[in-house]
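# Results of the structural survey
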Amino acid sequence: MGRRWRLPDRSRRKLVSLRTTFAVSFAAVTAAVTILVGILSYSSAARLVRVDQQSVFTQVVQDVRDEVRQHAMGPEDFSSSRPGHDLVRPARTDVQVLGAQGQIVDHGSPVLPVTSRDRAMAVARPAGQVAQHKDVRVDQDLFRIATVSLGDGRGAVQVAQEFSDTEDLLRALQQRTLILMAAVVVAAGLFGWWLARRITRRLVVLTSAAEDVARTRRLGIQVPVAGLDEVGRLGRAFDRMLGRLAQSEEDQRRLVQDAGHELRTPLTSLRTNISLLRRIDELPPATRDELVADLSQEARELTDLVNELVALAAGQSDAEPPQRVDLADLAEDVVGLARRRTGRDVVLHTSGDTTTDGRPGMLQRAISNLVENAAKFDPDGKAPIQVGVTGPARPGTVRVEVLDRGPGIAEGDLVRIFDRFYRAADARSQPGSGLGLSIVREVAMAHGGTPFAFRREGGGAVIGFTVGGGFTGSHGGSG
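Residues numbered from 1 in each chain as written. Predicted model: local features only at pLDDT ≥ 70, side-chain atom pairs only at ≥ 80, totals over all residues. Heavy atoms only, no water.

To continue, consider the side chain of Arg344. Looking at the secondary structure, you find Arg344 in the loop between α7 (327-342) and β7 (346-352). Of the polar contacts made by the side chain of Arg344, one reaches the backbone oxygen of Ala383; its length is 3.1 Å. (Helix = DSSP H or I, 4+ residues; strand = E, 2+ residues; numbered from the N terminus. Polar contact = N/O pair within 3.5 Å; in protein donor to acceptor, adjacent residues only side chain to side chain.)

Pasting the structure below:
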């Protein structure tokens, strides 16, 4: 057996638990989605605000240009002190009026800077010309400024829009978005940890049960796992597996105990006869022949018992691949061999479809055990041993039975003849191990069938088995 591979203690300590992995993964996915949504939301909101501010400013400038082109207007027409002046001042919009020489005749609040380009607009001949200025800093605030010429050298109007407040607002929105994203990530991490703990709690219980089995080697541990999801199914499958293993261990223990009990008798007899061999010269010839015959018979019985024990413990050639089998053909081979061995008349009757899925070696051994059992308990019988193979008794099933005219089976023994090593009181003088019919039961149950036995009218017994209805490939219970 190969050496088991185990992680070093230090490596095992470095392994991250499934709960932590799930919680971190959940938090990471939530953080990525939250950050992506936050960035996209902030970018969209900031763009909308900036575009809206720009469109308002552009519209105000366009209104001024349209006005001065349609009407000959002077600086006094845009003075903030004149009642009913024509320029509408939106929020965060400043207006400053320049005279014919580019001087400030009506300052804005705050006072806007005047550049050479602005003075050029004041003396320009065409009306509605525009000089644009971006990111102009006035008293720690940022403005965008447009200077519109009044035409014919009459002056110009400066329109300015403050957008530093908007940027401050967007920065505040950005900070709040970051705080909200951080809160969502933390909440997602806590929720992921809670959810991971809830999901892995049953896995922890299942792991603890597996560790208890590995530590104590007790297979009867109950696995307290419930639920209808994959973890619940895993728990129930693990519980059934432990039950099967416990049953298998119990079967093996009983087999060893029963085998030990059955082996004591022939071994004791062998030891007794071997001790007599030391005085074989003192024995009369008839006694010598009887002693040798007894030794030969006991050796054969012991060999048969050991072979049947090995076959039963090894699972009746479980390595044999299952295939489509015709039980009528197998029975014909068994019948021919039984005729040659016993000299008895063995008759085979078949009807219907007798094919099924199974392991031919196991099935042939079961049929052979039935025929040998019939021949053993009716050694001097004149009536033929009858073998019947019928199918299908039910959809997908085949029935095999052997009929004899032996002493029959007592009513109280019918339910126990398939038990290991069981031998009826009136059959204990007969040779055999008591395992032949037990093997028949194991083969039948491994092929999805059941054994049966009942008394035959007119004397004798009918013993057989059914196969089909679901090939399992492994033996059922034992007892």
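Turning our attention to the packing of α7 against helix α8 (residues 360-377). One way to put it is that α7 packs onto α8 with a least axis distance of 9 Å and a crossing angle of 40°. Here α8 runs oblique to α7, going by the angle between their axes. Our pair here, α7 against α8, has a crossing hand that is right-handed. Where α7 approaches α8, its residues Leu327, Leu330, Ala331, Asp333, Val334, Ala338, Arg341 and Thr342 are matched on the opposing element by Pro360, Leu363, Gln364, Ile367, Ser368, Val371, Glu372 and Ala375. In terms of residue class, the contact of α7 with α8 is built from 10 nonpolar, three polar and three charged. (Axes fitted to C-alpha atoms, helices over the stretch in contact; angles between N-to-C directions. Parallel < 35°, antiparallel > 145°, perpendicular 65-115°, else oblique. Left-handed = near helix turned anticlockwise from the far one by under 90°. Contact = heavy atoms within 4.5 Å. Nonpolar A, V, L, I, M, F, W, Y, C, P; charged D, E, K, R; others polar.)

Turning next to the environment of Ser41. Inspection of the secondary structure assignment puts Ser41 in helix α2 (residues 18-70). As for Ser41 and Thr177, which are separated by 136 residues in sequence, their C-alpha atoms are 9.1 Å apart. A distance of 2.7 Å separates a polar atom in the side chain of Ser41 from the backbone oxygen of Val37.

Moving on, we come to unusual backbone geometry. Across the junction of Ser109 and Pro110, the peptide omega takes the value 5°, indicating a cis bond. The step from Gly391 to Pro392 runs through a cis peptide bond, and the omega angle for that step is -10°. Relative to the helices and strands, Pro392 is located in the loop between β9 (385-391) and β10 (397-404). With a phi close to 60°, Asp152 is a non-glycine residue in the positive phi region. Position of Asp152 relative to the elements: it lies in the loop between β4 (141-149) and β5 (156-162).

Here we take up α7. For α7, with 16 residues, the first-to-last C-alpha span of 22 Å sits near the 22 Å given by 1.5 Å per residue. Turning to α7, its buried residues are Leu327, Ala328, Leu330, Ala331, Val334, Val335, Gly336 and Ala338. Just past α7, the residue Gly343 takes up positive phi, approximately 75°. (Expected span 1.5 Å × (residues − 1). Buried < 20%, exposed > 50% of the residue type's maximum accessible area, 1.4 Å probe, protein only.)

The strand order β2-β1-β5-β4-β3 describes an open sheet built from five strands, whose pairing is antiparallel. The open sheet has two edge strands, β2 (104-106) and β3 (130-138), and neither has a second partner. Strand-to-strand, the axes of this sheet are offset by a mean angle of 30°, without reference to chain direction. The pairing of strand β1 (residues 93-98) with β2 spans two bridges and is classified as antiparallel. Residue pairing in the sheet places Leu98 in a bridge with Ile104 of β2. (Pairing = 2+ DSSP bridges.)

With that settled, consider the UniProt feature "transmembrane region" (unreviewed entry) in the protein. According to UniProt, the "transmembrane region" (unreviewed entry) feature falls on residues 21-42 and 178-196. For residues 21-42, helix accounts for 100% and strand for 0%, while the C-alpha atoms at its two ends are 31 Å apart. (UniProt positions renumbered as here; feature names shortened; annotations may be inferred.)

Bringing the pairing of β4 into the picture now. When a strand is regular, its side chains alternate between the sheet's two faces. Burial of β4 is extensive: seven of the nine residues sit out of reach of the surface. Of the pairings in the sheet, the one linking β3 to β4 comprises seven bridges and is antiparallel in character. What sits directly across from His133, in β4, is Ile145. Counting the residues in the hairpin turn of β3 and β4 gives two residues, including Asp139, whose phi is positive at 50°. Here seven bridges tie β4 to β5, and the two strands are oriented antiparallel to one another. Directly across from Ser149, in β5, lies its bridge partner Ala156. Counted along the chain from β4 to the antiparallel partner β5, the turn is six residues long, and its residue Gly151 has a positive phi close to 95°.

Counted by the stated rule, this structure contains two aromatic pairs. Summarising the aromatic geometry, the rings of Phe452 and Phe454 are spaced 6.3 Å apart at their centres and angled 20° between planes, so their arrangement reads as stacked. By relative accessible area, which is 35% here, Phe454 ends up partly exposed. (Phe/Tyr/Trp six-rings, centres within 6.5 Å; stacked < 30°, edge-to-face > 60°.)

A few words on the pattern of salt bridges. Between side chains of opposite charge, pairing is possible as soon as their charged atoms come close. Enumeration over the complete set of coordinates arrives at five salt bridges. In this structure, the salt-bridge partner of Asp357 is Arg324, at a minimum N-O distance of 3.1 Å. Of the two residues, Asp357 is situated in strand β8 (residues 355-358) and Arg324 in strand β6 (residues 323-326); the sequence distance between them amounts to 33 residues. Close ionic contact of Arg399 with Glu401 constitutes a salt bridge, the shortest N to O distance being 3.2 Å. (Salt bridge = Lys/Arg side-chain N within 4 Å of Asp/Glu carboxyl O.)

It is worth spelling out the sheet that holds β10 at this point. Across the sheet, five strands lie side by side as β7-β9-β10-β12-β11; this open sheet has mixed pairing. Each edge of the open sheet carries a strand with a single partner, namely β7 and β11 (451-455). For this sheet, the mean inter-axis angle between neighbouring strands, taken without regard to orientation, is 15°.

The next thing to look at is the confidence of the model for the protein. This prediction gives the protein a mean pLDDT of 77; 81% of its residues lie at or above 70. The spread of mean pLDDT over the elements of the protein runs between helix α1 (residues 9-14), the lowest at 40, and β7, the highest at 92. When the criterion is pLDDT under 50, residues 1-15 qualifies, and its contacts beyond four places in sequence or with other chains add up to three contacts. Low pLDDT, under 50, characterises residues 474-479; the stretch is placed with 23 contacts to residues that sit more than four places away or in other chains. (pLDDT = per-residue confidence, 0-100.)

On to the environment of Val24. By the secondary structure assignment, Val24 is in helix α2. Classification of Val24 by relative accessible area gives exposed; the value is 53%. Spatially, the C-alpha atoms of Val24 and Leu190 are 9.6 Å apart, while their sequence positions differ by 166 residues.

Along the chain, the position of His133 falls in strand β3. Reaching out from His133, the side chain makes a polar contact with the side chain of Asp118 at a distance of 2.8 Å. Residues in contact with His133, not counting those within four places in the same chain, are Thr115, Arg117, Asp118, Phe143, Arg144, Ile145 and Thr147.

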